[in-house]
Amino acid sequence: GPWGAAAGGVIGSFYEKGPQGVIDASISYLPIMNNPTERKQYKFKGGMPGLDWGDLYERYINDTTNNNNNNKSEPQQNLGGNDFEFCFFVTHDVTGCSCAVYRSLEEKRIVISFRGTCELLDLLTDASITQEAWVLGEDVEDDSVMKVHIGFRKSLESISRRLKELILAAVDPGDDISSYDLIVTGHSLGAALATLFTADVGEYGIDAGRGLPQLAPSEPWYLQLTSTFTKGKTGTKVDNNAPPPRPKTLRMYNFGSPRVGNDAFVDKFESLVGGGDDGSHGIDEVYRIVNGEDVVARLPRTVNALGLVSVGYEHCGPTVLISTPEDAGGADGSAEPLIWIEGLSDGDCPVRDGTALTGPLAKGSLLGDIVSAVREAEGDFSKSSKEGKDDNGQSLIAKDTVAKLATAMKGRFKSFTAADITSIVGLDKKFVERESKIVQSIFSGEAVGHHMEDQYYIGMGRACELEEGEVGV
C-alpha cells in the first residue's frame, strides 16, 4: 500500500549510491487536437414560460429582410452577437435588487438587465412616493434640487458600486471599456433602476469609487479593481488623475417604467441625451416602451396635498406606446397606430400627466369653445353692415352667421362629456379624460394586465407587424 511504498523509499535512500549507468529512451507525445471551441448561441428567454425574445427578433429580421431585399445595410441576424454570453448576476439579499450582465467580446457589447418586481420586498419598494436628493448630501427641501424615488435609489445603491466594478472587469483582456457599447434595460422596477443607472453613468462615467452620486468625495474609481486583480503586486501603473472611464456608447431601452424623479432630475437626464457636437454627451439613445393602458407606467402620480406636501414625478426619455388589439383595430376605421413614438408621431403623449389646471376659457373646454364661436360670429356681424340685404332688409351674412353659430353650438353640446363639466371650473379636459381612462382601465383589469411581460411580448410582436399566431403566446 501507500505506507509501504513510502517506507521503502525512505529506507532505500540510505543505500543510494552514485549513477550506475545510462539509459537511452525515446519518448513521443500524442498531439493535442487543435479543434476550435464551438459556442452555443445564447437563447433570449423571458421570465415567463413560452416567451422567446430572441426568436421574436429573428422572425422580425427575417420578415424585414424578405420584404426589403434592396436594403443595403444587412441587419444583424443574431440578437447580441454570435458569441453573446451570460457573464454574472448581482443581487442584494436585503434590498432584493438584482441585475444580470451579458457580453459579446466579438461585437464589443455589454448588456445590463435589471430584474423587475417579483417579490414582496419589491412591491414595498415600488409603493413609496417619497423622494430624496439624487446627489446624496444635497438639500432635499430645495425645490431646485434633483430628487428621485427614495425606494428606487436605495435599491440601486445597494449593488451599484459592485456592478460597476464587474462591468469594468468584463471586457476582453487588453481591451478597455471605452471600446464597448453599453446597453441598459429592465422591466417595471427594473426599468426604473435602469433609468437611474443610465443617468449616473451618462453624467459621471463608470465611477466604481462609490455607489451613486454624492457630495462627499468618493474613493478613486480604480481602487477596488487594482486591489482585487493585482493582489498587492507592485508595478501596476494607474493614472491617479484619470476620470472614471466611459463606454463607447450608452443606450437605454426599458419596458413599463414607472416615473423615477422630479422635473429637475428629468431636465438633467434629457440634457445628457444627444449632447453637443464636441461629443460631450453621455447618453446616446433612450426609448421607454409602454404597452397600452399599463398603469405602472403612469405612476407615481404627482401629489400636492392642500399645498402642504408637493411631490412631483415625470418620465425620462421619449415614450414608445404600443397599442393593444382593441385600441389598434376600431370598427369605425379610426384605428390607433400599432406604435406611437413621442416626438415623431402626432399628438401629445398619453402617458404623461400634462397640466391639470387651465383657464375655464381655454381651447377645447366647453366655455372656451362657446366663446370662440360667439367671437367668430361677432366678426361676421361686423361685416354685415357693408354687405347686401334681402327683401326684408336683413343682412344676408348675418342670417348665415346665426345659422352657423347655431350649428356649431349644437355640435358642441352633442359632443358634451363629463370632462366638460370639470373644464368649467378650470381643470384641463385632456387631463381629466386621461385620469378617467386610468380609473376605467384599473376596474377592467387592463391596467395591471397590460403591465405583464407576456402582454409586452405580444405587443412588441404586433408592433413588428407579425401575425398574432407568429408571436407564439
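Here, residues in each chain are numbered from 1, in the same order as that chain's written sequence. Predicted model: local features are reported for residues with pLDDT of at least 70 only, side-chain atom pairs are reported and counted for 80 or more only, and whole-chain, interface and lining totals are derived from all residues. Side-chain metrics in this entry use all non-hydrogen atoms of the structure; hydrogen atoms and water are not considered.

When the centres of two rings from Phe, Tyr and Trp lie within 6.5 Å, Trp using its six-membered ring, the rings pair. Their planes under 30 degrees apart give stacked, over 60 give edge-to-face, and anything left gives tilted. Following the criterion strictly, the structure yields eight aromatic pairs and no others. When the ring of F86 is compared with that of Y102, the centres are 5.6 Å apart and the planes differ by 65 degrees; the resulting orientation is edge-to-face. Of the two residues, F86 sits in strand 1 (residues 85–91) while Y102 sits in strand 2 (residues 98–104), which places them 16 residues apart along the sequence. A simple rule labels every residue: compare its accessible area, found with a 1.4 Å probe on the protein chains alone, to the largest value its type can have, and call it buried under 20%, exposed over 50%, or partly exposed in between. Among the residues examined, F86 registers a relative accessible area of 41% and is labelled partly exposed. Note on W134 and F265: the rings are 5.4 Å apart at their centroids and 75 degrees apart in plane angle, and the pair reads as edge-to-face. Taken together, the residues span a long stretch of sequence, with W134 in the loop between strand 4 (131–133) and strand 5 (147–149) and F265 in helix 7 (residues 263–272) at a distance of 131 residues. As far as the burial class goes, W134 and F265 line up, both buried. In textbook terms, an aromatic cluster arises when at least three aromatic residues are bridged by ring pairs, as seen for W53, F255, Y456 and Y457. Directly above the ring of Y204 sits R210, whose terminal nitrogen or CZ lies 5.1 Å from the centroid. Only DSSP runs of H or I covering at least 4 residues are called helices, and only runs of E covering at least 2 are called strands; the numbering of each starts at the N terminus. Here, a charge over a ring means that NZ of Lys or CZ of Arg falls within 6 Å of the ring centre while also lying within 35 degrees of the ring normal.

Spatially, the eight strands line up as an open sheet ordered 1-2-3-6-7-8-11-12, and their pairing is mixed. Edge strands, defined here as strands with exactly one partner in the open sheet, are strand 1 and strand 12 (339–341). Ignoring which end each strand starts from, the neighbouring axes of this sheet average 15 degrees apart. Pairing between strand 6 (residues 181–187) and strand 7 (residues 249–255): seven bridges, direction parallel. Paired with T185 across the two strands is Y253, which belongs to strand 7. Any two residues whose heavy atoms approach within 4.5 Å are treated as being in contact. Whenever a helix is involved, its axis is fitted only over the stretch in contact; in every case the axis is a line through C-alpha atoms, and angles between N-to-C directions fall within 0 to 180 degrees. Seen against the sheet, helix 4 (residues 150–169) touches strand 1, strand 2, strand 3 (109–114) and strand 6 and runs at an angle of roughly 145 degrees to strand 1. Strand contacts of helix 5 (residues 189–204): strand 3, strand 6 and strand 7, with the helix running at about 150 degrees to strand 6, the strand carrying the most contacts. Two strands qualify as a pair provided DSSP detects at least 2 bridges between them.

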